[in-house]
Protein chains: 2
Amino acid sequence: MSTTAAEKRRLILDAAVRVFARQGFHTCRVSDIADEAGVAYGLVYHYFSSKEQMLDTLFLERWDVMLAAIAETDESDRAPREKLHAVASFIIDSYRHDPDVMKVIIVEVTRAANTFGRTHLAKIRDAYDSIAGIVAAGQRSGEFDDAITPQFAAQAFYGSVEQVLTGWIFDAAPVDERAYERAKTMIVELICDGLRRR
Amino acid sequence: MSTTAAEKRRLILDAAVRVFARQGFHTCRVSDIADEAGVAYGLVYHYFSSKEQMLDTLFLERWDVMLAAIAETDESDRAPREKLHAVASFIIDSYRHDPDVMKVIIVEVTRAANTFGRTHLAKIRDAYDSIAGIVAAGQRSGEFDDAITPQFAAQAFYGSVEQVLTGWIFDAAPVDERAYERAKTMIVELICDGLRRR
DNA sequence: TGCGGTTGACTGACTCGTCAATCGAGGGAG
DNA sequence: CTCCCTCGATTGACGAGTCAGTCAACCGCA
């Protein structure tokens, strides 16, 4: 055979991402996913136990990669400001590389954490905590002022990134390549230096 | 009769807000709303043409109030920084006054704008534009540096506010009164001054 | 008596997840 | 080399349940 079981599973999961991104998790049918994958309806249930499990899988798969990337960044010996740039970079590049996955994660998971398992909430908080850790380190080293709590700075930082992605997702504005880099630097500049006149 | 038609409509809409907030728009049933309002199932359809129309109504009702408040703030002759504080204040106080409405707006509308009418998208953009206008005025007057585009600053500002609200919504952390005021000042300080050591 | 407000059983449409049937690659026997 | 057997992969029709929206009947005030 030309495709292994793992490849078939991937095929279906990738189709699910496209369908979730296009129609939304709640409004799409499992048959839409099967059609998109070019596969029989029942086969979806051979590889996944439910529609929701597909969403869980694709979220955890990507989010864990992100958590690992943030952790790795945090362990490097760069300056806090550069660590924040690296984190923003990773998230934005994730979107650049695969907009659909990020769209689904932001629209269907991150913001609907109440209707889904509380597991996801903990994962999301892990990300905040890592970012807050970077800020706290910056405050201890004297690079950052400590008027702002690290937890709050993390929320604002992540919220800014997510809002930028949301703009790209919904406004469907054709984004040229430089826009990604500009967004990264603006986020870091705004969070670190603010709007204050320099 | 003791209740007018308008009051009955309000009764049902308020019940819908509570149910949407508790169970989510997609997972709740119209019968849940009727039960919550203490009203027969069919009566809901006497006042609203569909479940979705209830969501539209409650969003527009509140969002228009917010747009008006932002516009009024913008027309005052306060400093840009204080205008931003006023805007953050209004949004956060909206949550303090009625958490359920803001929860529904953020979770079900703001983030699901693709599945619903494009009308909402335009309304949401109006808010960004107003905030961006405040920032642009600050840049012209020299109070703000213009390294950051107003549009981007608006996204970051609104994103920060929304992320703080999201934290309150999902973490269900008991929020004491001072937390609201602290959040307002931290948002304005972070956006205007950044994390830079002062 | 007339009419707007109100009721809730009912219908029609839809979809998740199941399952019995089928397919086909690989391997063992003749 | 061929036959056929096995077993996991694959199919899609179907059962069971859900729920939005309809509607004919009812109520009670003016």
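First, a word on scope: everything that follows refers to the structure included in this document. Not measured: the values here are computed from a predicted model.

### A short note on the overall build of chain A
So, point 1. On a plain count of helices and strands, chain A comes out with 9 helices and 0 strands.
So, point 2. The linear arrangement of helices and strands in chain A, starting from the amino end, is α-α-α-α-α-α-α-α-α.
So, point 3. By principal-axis analysis of the C-alpha atoms, chain A measures approximately 60 × 35 × 35 Å.
So, point 4. Sorting the 198 residues of chain A into buried and exposed places 54% on the buried side.

### Observations concerning the side chain of T110 of chain A
So, point 1. Here T110 of chain A is to be found in helix α6 (residues 99-110).
So, point 2. Not counting the four nearest positions on each side in its chain, T110 of chain A is found in contact with W63, I105, I124, Y158 and E162 of chain A together with R111 and F170 of chain B.

### Observations concerning the protein's contact with DNA strand D
So, point 1. The environment of DNA strand D is made up of 15 residues, and the closest members are K8, A40 and Y47 of chain A together with Y41 and Y45 of chain B.
So, point 2. G42 of chain A is positioned with one of its backbone polar atoms (N or O) 3.1 Å from a base nitrogen of DNA strand D.
So, point 3. H46 of chain A is positioned with one of its side-chain polar atoms (N or O) 3.2 Å from a phosphate oxygen of DNA strand D.
So, point 4. The element that contributes the greatest number of residues to the surface near DNA strand D is helix α3 (residues 41-47) of chain A, accounting for 5 residues.
So, point 5. A class-by-class count of the residues in the surface near DNA strand D yields 9 nonpolar, 3 polar and 3 charged.

### Regarding the protein's contact with DNA strand C
So, point 1. Not every one of the 17 residues close to DNA strand C is listed here, only the nearest: Y41 and Y45 of chain A together with K8, G42 and Y47 of chain B.
So, point 2. Sugar plus phosphate: this is where 66% of the atoms of DNA strand C within 4 Å of the protein reside.
So, point 3. A distance of 2.6 Å separates a phosphate oxygen of DNA strand C from a polar side-chain atom of Y45 of chain A.
So, point 4. Broken down by secondary-structure element, the contributors of at least two residues to the surface near DNA strand C are α3 of chain A together with α1 (5-23) and α3 (41-47) of chain B.
So, point 5. No other element matches the 5 residues that α3 of chain B contributes to the surface near DNA strand C.
So, point 6. Grouping the amino acids of the surface near DNA strand C by side-chain chemistry returns 11 nonpolar, 3 polar and 3 charged.

### What to know about helix α2 (residues 30-37) of chain A
So, point 1. Residues of α2 of chain A that are buried include every one of V30, D32, I33, A34 and A37 of chain A, and no others.
So, point 2. Elements that come into contact with the buried residues of α2 of chain A comprise α1 (5-23), α3 and α4 (51-75) of chain A.

### Quick word on the relation of the copies chain A and chain B
Note that the two copies of the chain are related through a rotation about an axis and a translation along the same axis.
So, point 1. With an RMSD of 0.1 Å, the fit of chain A onto chain B corresponds to turning through 180° and sliding 0.0 Å along the axis. Both copies are brought into coincidence by an operation consistent with a two-fold rotation axis. Every residue of chain A has its C-alpha some distance from the rotation axis, and the shortest such distance is that of G194 of chain A, at 1.8 Å.
So, point 2. Interface overlap between copies: 100% of the residues of chain A at the interface are likewise at the interface in chain B, consistent with a symmetric, same-surface contact.

### Some remarks on the pattern of salt bridges
All names here are of chain B.
So, point 1. As enumerated under the stated definition, the model contains 31 salt bridges over all chains in all.
So, point 2. Put simply, R81 and D193 hold a salt bridge, and the shortest N to O gap is 3.2 Å. Remark: D193 occurs in helix α9 (residues 177-193) and R81 occurs in helix α5 (residues 80-97); sequence separation between them is 112 residues.
So, point 3. The class of R81 is partly exposed, set by a relative accessible area of 28%.
So, point 4. Classification of D193 as buried rests on a relative accessible area of 11%.

### Remarks on empty space enclosed by the protein
So, point 1. Applying the stated criterion across every chain yields a total of 4 cavities of 30 Å³ or more.
So, point 2. As a volume, the second largest cavity reaches approximately 110 Å³.
So, point 3. Considering the residues around the second largest cavity, the lining is formed by Q163, T166, G167, F170 and D171 of chain A together with T110, L121, I124, R125 and Y128 of chain B.
So, point 4. At 5 residues, helix α8 (residues 150-171) of chain A tops the list of elements feeding residues into the lining of the second largest cavity.
So, point 5. Looking at the lining of the second largest cavity residue by residue, the class counts come to 4 nonpolar, 4 polar and 2 charged.

### Side note on the layout of surface pockets
So, point 1. What the largest pocket holds in volume is close to 530 Å³.
So, point 2. As for the largest pocket, its lining consists of 24 residues, of which Q151 and Q155 of chain A together with V164, G167 and W168 of chain B are closest to the centre.
So, point 3. Contributions of two or more residues to the lining of the largest pocket are made by α7 (118-140) and α8 of chain A together with α8 (150-171) and α9 of chain B.
So, point 4. Sorting elements by how many residues they give to the lining of the largest pocket places α8 of chain B first, with 7 residues.
So, point 5. Sorting the residues of the lining of the second largest pocket by element identifies α8 and α9 (177-193) of chain A together with α7 (118-140) and α8 of chain B as the ones contributing at least two each.
So, point 6. Of the residues in the lining of the second largest pocket, the class split is 10 nonpolar, 4 polar and 4 charged.

Parameters and conventions
Along each chain, the written sequence defines residue order, and numbers are assigned to residues from 1. Key to labels: chains lettered from A, ligands numbered from 1, both in the order written. Residues qualify for local features only when their pLDDT is at least 70, as the model is predicted, and side-chain atom pairs are given and counted only at 80 or more; totals for whole chains, interfaces and linings, by contrast, use all residues. Computation of side-chain values: all heavy atoms of the structure, hydrogens and water removed. For the purposes of this entry, the term helix denotes a DSSP run of H or I that reaches at least four residues, the term strand denotes a run of E that reaches at least two, and both are numbered from the N terminus. Buried, partly exposed and exposed residues are distinguished by accessible area as a fraction of the type maximum, computed with a 1.4 Å probe on protein chains only: under 20%, between the cut-offs, and over 50%, respectively. It only takes one pair of heavy atoms within 4.5 Å for two residues to be counted as in contact. To be near a molecule or strand, a residue needs just one of its heavy atoms within 4 Å of it. Distance and chemistry together define a polar contact, namely a pair of N or O atoms within 3.5 Å, with one atom able to donate a hydrogen and the other to accept it when in protein, and with adjacent residues in sequence counting only for side-chain atoms on both sides. Basically, the charged four are Asp, Glu, Lys and Arg, the nonpolar ten are Ala, Val, Leu, Ile, Met, Phe, Trp, Tyr, Cys and Pro, and anything else, Gly included, counts as polar. We place the copies in one frame by least squares, fitting the C-alpha atoms of every residue whose pLDDT is at least 70 in both. Salt bridge, as used here: a side-chain nitrogen of Lys or Arg that lies within 4 Å of a carboxyl oxygen of Asp or Glu. Two kinds of site are reported from a 1 Å grid over the protein atoms alone, namely cavities, where a 1.4 Å probe fits but cannot get out, and pockets, open sets with protein on both sides within 12 Å along at least five of seven lines, and residues are called lining when an atom falls within 4 Å of a point. Grid points are joined across faces, edges and corners, and a volume is the space filled by probe spheres set on the points.

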